[in-house]
Amino acid sequence: MDLLLILILVVVVIAVAAFFFMQRRKSDQIRSKFGPEYDRALQETGKPAKAEAALREREQRVSKFNIRPLAAGDRDRFTESWTRVQAEFVDDPQGAVTRADALLGELMSARGYPVTDFEQRSADLSVDHPQVVQNYRQAHDIALRHARGEAGTEDLRQAMIHFRSLFEELVHEGHEGHDGRGSSELDRDKRHV
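What counts and what doesn't
Residues numbered from 1 in each chain as written. Predicted model: local features only at pLDDT ≥ 70, side-chain atom pairs only at ≥ 80, totals over all residues. Heavy atoms only, no water. Helix = DSSP H or I, 4+ residues; strand = E, 2+ residues; numbered from the N terminus. Buried < 20%, exposed > 50% of the residue type's maximum accessible area, 1.4 Å probe, protein only. Contact = heavy atoms within 4.5 Å. Areas by Shrake-Rupley, 256 points an atom, 1.4 Å probe, with all protein chains shown as cover. Phe/Tyr/Trp six-rings, centres within 6.5 Å; stacked < 30°, edge-to-face > 60°. Expected span 1.5 Å × (residues − 1). Patch = residues over 30% accessible without salt bridge, like charges linked within 9 Å, V, L, I, M, F, W, Y side chains within 5 Å. Salt bridge = Lys/Arg side-chain N within 4 Å of Asp/Glu carboxyl O. Axes fitted to C-alpha atoms, helices over the stretch in contact; angles between N-to-C directions. Parallel < 35°, antiparallel > 145°, perpendicular 65-115°, else oblique. Nonpolar A, V, L, I, M, F, W, Y, C, P; charged D, E, K, R; others polar.

1. Some points on the overall build of the protein chain
Looking only at helices and strands, the protein chain has nine helices and zero strands in total. Each helix and strand of the protein chain, ordered N terminal to C terminal, gives the series α-α-α-α-α-α-α-α-α. Burial analysis of the protein chain (193 residues in total) assigns 39% to the buried set. Of the contacts formed within the protein chain by residues at least 6 apart in sequence, a portion of 64% connects residues at least 24 apart. Within the structure as shown, the protein chain displays about 11,100 Å² of accessible surface, and the carbon and sulfur contribution to it stands at 55%.

Right, here's the structure in full:
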């Protein structure tokens with residue numbers, strides 16, 4: 001009888017350890033996938049389980065979208081539009097930032113993301129673009145601060161750089177030769193804003 005009880009206890013301990021191991025593994029996977037977005041969700045919810053549940057809900061929501069790469073013609077059209085917006089920055093920084101934000105909305109829509117309010121849009125983007133969505137949020141914040149008279153031209157320049165990182169990732173994602181970050185073009189273009 002004692003041997004059976006010990007055996008049952010060992011099985012229960014192994015099952016509990018396996019459960020916690022799997023939970024830890026799932027947490028590590030979602031933390032790895034979302035990167036800084038995981039930390040943001042944790043800060044908002046206050047508990048890892050709630051943060052992970054919120055991020056899984058985002059994944060489920062986005063999995064229902066028809067996200068697609070751009071056709072070559074659309075990619076060229078968006079790239080030309082972006083080049084014009086960047087060039088306008090010299091004469092009209094605030095207008096260029098506003099147009100960059102609008103162009104990103106058009107690009108997101110063309111890729112299949114629903115373009116709703118900013119918070120939902122950034123949450124949706126965080127599923128596939130957890131690194132650059134932080135830049136998008138910072139650029140949006142700068143634009144809002146500028147509208148209140150709290151941000152200057154240098155801040156607007158920084159907003160354009162942030163917008164560009166998301167633009168590069170969205171316009172090139174799914175195309176041969178894209179590294180998932182748009183890094184080479186982003187580094188080259190930093191000199192132009």
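2. What to know about the packing of aromatic side chains
One pass over the structure, following the stated rule, counts four aromatic pairs. A ring pair is formed by W82 and F167, whose centres lie 4.8 Å apart and whose planes are at 15 degrees; its orientation type is stacked. You can see W82 sitting in helix α4 (residues 72-88) and its partner F167 sitting in helix α8 (residues 153-172), a full 85 residues away along the chain. For the pair Y136 and F163, a centre-to-centre distance of 6.1 Å together with 55 degrees between the ring planes defines the contact as tilted. With a gap of 27 residues between them, Y136 in helix α7 (residues 133-147) and F163 in helix α8 connect regions that are remote in the sequence.

3. Quick notes on α8
Over its 20 residues, α8 runs 28 Å from end to end, which matches the ideal 28 Å to within 8%, given 1.5 Å per residue. Where burial is concerned, most of α8 is hidden: 15 out of the 20 residues are buried.

4. Some words on a nonpolar patch on the surface
On the surface, a nonpolar cluster with roughly 770 Å² of combined accessible area is contributed by L4, L7, I8, V11, V12, V16, F19 and F20. Positionally, V16 belongs in helix α1 (residues 2-34).

5. Notes on the packing of α4 against α8
Running from N to C, α4 and α8 cross one another at 170 degrees; their axes reach a closest spacing of 11 Å. Taken together, the axes of α4 and α8 are roughly antiparallel relative to one another. Packed against α4, whose contacting residues are R75, F78, T79, W82, V85 and Q86, the element α8 presents M160, F163, R164, F167, V171 and H172 at the interface. Across the contact of α4 with α8, the residue classes tally to seven nonpolar, three polar and two charged.

Geometric values such as these leave the question of function open.
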